[in-house]
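Residues per chain are reported as follows:
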Amino acid sequence: MSGNITKRLSTKRELLQRIEALEFKQRLFPALSGQIDALVQSLEDVNPTDNPLSPNHHNLLSGSWDLIYASRGTVVTRSFASIPDFIEREIKINRIWQTLVISENQGISTINSAEIVLPLLGRWQIEAEGYWKSESDAKTATIRFSAFSTRAINPFNISWTPELKIPVFEFLRNEAIWITSYLDDDLRVGRGATGNLFVFSRNV
């Protein structure tokens, strides 16, 4: 048991060091990084939290998590990666994060957020609200999104608070599979259906 703990802490430390050594774009935009992916796999092999989606671990799961690495990018960054270079240089992503909330009936709600800076338009926050339906293995969840919203934080460098929220009609609510493959006090790893790796660090 002590050997697993030592290996986990060592692997986790190396993983975080390698991620921190990358530029922001390399962390969250589509790129090949076999060494980091291998470290994530090694960390998953010594996951200290069995059945991470079970109510027993909701205290670890809930809270705000910053996305610090995505092996194949995200919906937001993949979209920007397709923009010509001269435009891409003018668009900045400040942060991508996920907030998980446990409801009274032990359901898991999620808010996926991104803060971006657009040319001339200033800072904006984009959010997608949804919920997780945990499967019997308490590792896999089916995710459905119910609403999207956008809010200007300081367009044209002025104060602005109104939010535009767009509900997602039932027939447009596509489902996605999400596997929580690693969870501890301050680090979480998720895998999409296609194997895309997402590493989150708890925002404290």
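Quantities reported herein were computed from a predicted structural model and do not represent experimental measurements.

Student: Can you walk me through the packing of aromatic side chains in this structure?
Tutor: Two numbers describe a pair of aromatic rings. These are the distance of the centres and the angle of the planes. One pass over the structure, following the stated rule, counts 4 aromatic pairs. With centroids separated by 6.3 Å and ring planes inclined at 45°, the aromatic side chains of tryptophan 132 and tryptophan 178 adopt a geometry described as tilted. Linking tryptophan 132 in strand 4 (residues 122-134) with tryptophan 178 in strand 7 (residues 175-183), this pair joins segments that are 46 residues apart in sequence. In this structure, tryptophan 132 and tryptophan 178 share a single accessibility class: buried. Through pairs of rings, three or more aromatic residues link up here, namely Trp132, Trp178, Phe198 and Phe200. The aromatic ring of tryptophan 97 is capped on one face by arginine 95, whose charged end is 4.0 Å from the ring centroid. In this arrangement the basic side chain of arginine 188 is found over the ring face of phenylalanine 200, its NZ or CZ atom lying 4.3 Å from the centre.

Student: Teacher, can you tell me more about the pattern of salt bridges here?
Tutor: If the charged atoms of two oppositely charged side chains come close together, the side chains can form a pair. For the structure on display, the rule yields 7 salt bridges. Arginine 191 serves as the salt-bridge partner of glutamate 44, at 2.9 Å between the closest nitrogen and oxygen. Of this pair, glutamate 44 sits in helix 3 (residues 34-45) while arginine 191 sits in strand 8 (residues 187-192); the two residues are 147 residues apart in sequence, bridging distant segments of the chain. A salt bridge links arginine 95 to aspartate 66, with the shortest nitrogen-to-oxygen separation between them at 2.7 Å. Taken together, the positions of arginine 95 in strand 2 (residues 92-102) and aspartate 66 in strand 1 (residues 63-70) put the pair 29 residues apart, joining distant regions of the chain. On the basis of relative accessibility, which here comes to 26%, the residue arginine 95 falls in the partly exposed class. Several salt bridges share partner residues, and in doing so they unite Arg8, Lys12, Asp184 and Asp186 into one network.

Parameters at a glance
Residues numbered from 1 in each chain as written. Predicted model: local features only at pLDDT ≥ 70, side-chain atom pairs only at ≥ 80, totals over all residues. Heavy atoms only, no water. Phe/Tyr/Trp six-rings, centres within 6.5 Å; stacked < 30°, edge-to-face > 60°. Helix = DSSP H or I, 4+ residues; strand = E, 2+ residues; numbered from the N terminus. Buried < 20%, exposed > 50% of the residue type's maximum accessible area, 1.4 Å probe, protein only. Lys NZ or Arg CZ within 6 Å of the ring centre and 35° of its normal. Salt bridge = Lys/Arg side-chain N within 4 Å of Asp/Glu carboxyl O.

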